[in-house]
Amino acid sequence: MSGADSKGGARFIAFEGGEGAGKSTQARLLAEALRARGHTVVVTREPGGTPGAEAIRALLLAPPGAPWPPQAEALLFAAARADHVAHLIRPALARGDWVICDRFVDSSRAYQGGAGGLGDDAITALHAFGSGGLRPDRVILLEGDEAALAGRLAARGKAADAIERRSADYHRAVAAAFRTLAEADPHGFARIDALGAPEDVHARILAALGDMLA
Ligand code: TYD
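Note that the structure is a prediction, hence the values are computed from the model and not measured.

Visitor: Would you mind going over the packing of aromatic side chains with me for this structure?
Guide: Enumeration according to the criterion identifies three aromatic pairs in this entry. Centroid distance Tyr 111 to Tyr 170: 6.2 Å. Interplanar angle 55°. Geometry classified as tilted. Taken together, the residues span a long stretch of sequence, with Tyr 111 in helix α4 (residues 105-115) and Tyr 170 in helix α7 (residues 168-184) at a distance of 59 residues. It is Arg 81 that lies over the ring of Phe 104; its NZ or CZ is 5.5 Å from the centre. Sitting over the face of the ring of Tyr 170, Arg 166 holds its NZ or CZ atom 5.1 Å from the ring centroid.

Visitor: What's the story with the pairing of strand β1 (residues 12-17) in this structure? I'm lost.
Guide: Along any regular strand, the residues point their side chains to alternate faces of the sheet. For β1, the tally of buried residues reaches six of six residues, placing the bulk of the element in the interior. With four bridges connecting them, β1 and strand β3 (residues 98-102) associate as parallel partners. The residue bridging Phe 15 from the neighbouring strand is Asp 102, located in β3. By the bridge criterion, five bridges tie β1 to strand β4 (residues 138-143) in an arrangement that is parallel. Note on β4: the bridge partner recorded for Phe 15 is Ile 140.

Visitor: Looking at this structure, I do not really get the sheet that holds strand β2 (residues 41-45). What am I missing?
Guide: Think of a sheet as strands paired side by side through backbone hydrogen bonds, with each pair either parallel or antiparallel. Pairing is parallel across the open sheet formed by five strands, whose spatial order is β2-β3-β1-β4-β5. The open sheet has two edge strands with one neighbour each: β2 and β5 (189-193). Pairs of neighbouring strands in the sheet enclose a mean axial angle of 20°, with direction left out of account. Its contacts with the sheet place α4 against β1, β4 and β5, and it is angled at close to 25° to β1.

Visitor: Can you help me understand empty space enclosed by the protein in this one?
Guide: It is the rolling of a water-molecule-sized probe over the atoms that shows where space remains empty. If you walk through the whole model with that rule in mind, you get two cavities of 30 Å³ or more. If you add up the space inside the largest cavity, you get close to 50 Å³. Lining the largest cavity we find Ala 74, Ala 78, Arg 81, Val 105, Ser 108, Gln 112, Ile 123, Leu 126 and His 127. Only α3 (70-95), α4 and α5 (120-131) provide two or more residues apiece to the lining of the largest cavity.

Rules of the game
- Residues numbered from 1 in each chain as written.
- Predicted model: local features only at pLDDT ≥ 70, side-chain atom pairs only at ≥ 80, totals over all residues.
- Heavy atoms only, no water.
- Phe/Tyr/Trp six-rings, centres within 6.5 Å; stacked < 30°, edge-to-face > 60°.
- Helix = DSSP H or I, 4+ residues; strand = E, 2+ residues; numbered from the N terminus.
- Lys NZ or Arg CZ within 6 Å of the ring centre and 35° of its normal.
- Buried < 20%, exposed > 50% of the residue type's maximum accessible area, 1.4 Å probe, protein only.
- Pairing = 2+ DSSP bridges.
- Axes fitted to C-alpha atoms, helices over the stretch in contact; angles between N-to-C directions.
- Contact = heavy atoms within 4.5 Å.
- 1 Å grid on protein atoms, 1.4 Å probe; cavity = no way out; pocket = protein on both sides within 12 Å on 5 of 7 lines; lining within 4 Å.
- Points joined across faces, edges and corners; volume = space filled by probe spheres on them.

Quick look at the structure:
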């Protein structure tokens, strides 16, 4: 998938990037623009998106015991994703809807595989087993200067979860891993400058999806 099983017109777009990059705002703006063009759009997020996956999200972002060992963390993200793909994403694509997902497997590749040190092969194997290797039709990677994004995050004022609280080095490694993934697949990823007014970032995203919107 998604090309193979999805109905004509269905597209699967994932937003990726570090914390504070504005993924949720941009996902919402893209959904509005697509709906204005007459598409049916499902907006969802990871970890989460279904009741089962949201339950796993709570375990991941506030571990009830000692921190999860890296392998357990990767398995939980993959398990949440398997539920989300089976119960929400694949059915929506099969109906012909657009699906916009705030984070998907490339977050696991960057956070657990890259920064967490598990490696890309392990994460890709879990994704093949859990979710049949489903790939987005395009990944919108929102990138920006570290200090500027950190400032936005602070302004958001939300309490940091167990992963956000990790070191600046960890988050730098996440950004580097995303860059490497994007460089290896320039057609699959659109690298978008996340800095500037939300409407300007939105315009860049629409331009990067131009071939799908025609
Ligand atoms: P979320 O509140 O969605 O973060 P943000 O608002 O920054 O997108 O929390 C998700 C956290 O989980 C975030 O720190 C990234 C992390 N994460 C992973 O480590 N691996 C994954 O596969 C996914 C989907 C998220």
